[in-house]
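Now for the letters of each chain:
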Amino acid sequence: MIYQPGFSVRYSFKTSEVGIVVPFSLGSNGLEVFGEARVDTGSEYCLFQREIADELQIEVEDGFLVRLSTLIGNFTAYAHTVNLNVLGIRFESTVLFTPAYGTTRNLLGRAGWLNNLHLALTMDDEMIYLNPAYSQENL
């Protein structure tokens, strides 16, 4: 049986980069910041750099404290609600910000991003396909 889901967004990524990198924007307090993030289907959360929170005038430590555990150790981050836009699909999301400066990556994980989408990846032709998991008519 062949399944052919219809996706509204198609984006070409480069397998020569470290990870699958996509453009994003975060919005809060009437401000918007643009950047790039890596798709991380194994990550429980979306995690962004402290510098982005500063640009959005978010007080990182005022958020909900979340303790994270990775292969290389444990650290904390803080949850905040923002508007997340990836490839034209925009929704309100709870994401984490690192308290330390100098983090080199932004991650799009399951809670806050993937749970709002339908996702397909095709590695052979370096394509990512997305659909919102809900109707965007009321946004």
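Above this note sits the structure.
Residues numbered from 1 in each chain as written. Predicted model: local features only at pLDDT ≥ 70, side-chain atom pairs only at ≥ 80, totals over all residues. Heavy atoms only, no water.

> Please clarify how the packing of aromatic side chains should be interpreted in this entry.
Each aromatic ring pair is characterised by the separation of its centres together with the angle its planes make. Taken as a whole, this structure holds three aromatic pairs when the rule is applied. Arranged with centres 6.0 Å apart and planes meeting at 45°, the rings of F7 and Y129 form a pair that is tilted. Of this pair, F7 sits in the segment before β1 (9–12) while Y129 sits in strand β10 (residues 127–132), placing them 122 residues apart in sequence. Note on F7: relative accessible area 25%, which makes it partly exposed. With centroids separated by 6.3 Å and ring planes inclined at 45°, the aromatic side chains of F48 and F97 adopt a geometry described as tilted. With F48 in strand β4 (residues 47–48) and F97 in strand β7 (residues 89–97), this pair connects stretches of sequence that are 49 residues apart. You can call F97 buried: its relative accessible area is 0%. Aromatic ring contacts, followed pair by pair, group F24, F48 and F97 into a single cluster. (Phe/Tyr/Trp six-rings, centres within 6.5 Å; stacked < 30°, edge-to-face > 60°. Helix = DSSP H or I, 4+ residues; strand = E, 2+ residues; numbered from the N terminus. Buried < 20%, exposed > 50% of the residue type's maximum accessible area, 1.4 Å probe, protein only.)

> Would you mind going over the layout of surface pockets with me for this structure?
The gaps left among the atoms become clear once a water-sized probe is rolled over them. Estimates place the volume of the largest pocket at around 460 Å³. In this structure, the largest pocket is lined by 17 residues; those nearest its centre are L47, L68, T70, F75 and L107. If one sorts the elements of the lining of the largest pocket by residue count, strand β5 (residues 64–70) sits on top with four residues. Of the residues that constitute the lining of the largest pocket, the class distribution is seven nonpolar, seven polar and three charged. (1 Å grid on protein atoms, 1.4 Å probe; cavity = no way out; pocket = protein on both sides within 12 Å on 5 of 7 lines; lining within 4 Å. Points joined across faces, edges and corners; volume = space filled by probe spheres on them. Nonpolar A, V, L, I, M, F, W, Y, C, P; charged D, E, K, R; others polar.)

> Whenever I open this one, the sheet that holds β1 confuses me. Can you help?
Spatial strand order, β1-β10-β9: three strands in an open sheet with antiparallel pairing. Two strands in the sheet have a free side with no partner beyond their single neighbour: β1 and β9 (117–122). Here the average twist between neighbouring strands, direction ignored, is 20°. Across six bridges, β9 lies against β10 in antiparallel orientation. The partner of T122 across the bridge, within β10, is M127. (Pairing = 2+ DSSP bridges. Axes fitted to C-alpha atoms, helices over the stretch in contact; angles between N-to-C directions.)

> Is there a simple way to think about the environment of F48 in this case?
On the basis of relative accessibility, which here comes to 0%, the residue F48 falls in the buried class. In sequence terms F48 and T98 are 50 residues apart; their C-alpha atoms lie 6.5 Å from each other. In contact with F48, other than residues within four places in its own chain, are F24, L26, A37, L84, V95, L96, F97, T98, N106, L107 and L108. (Contact = heavy atoms within 4.5 Å.)

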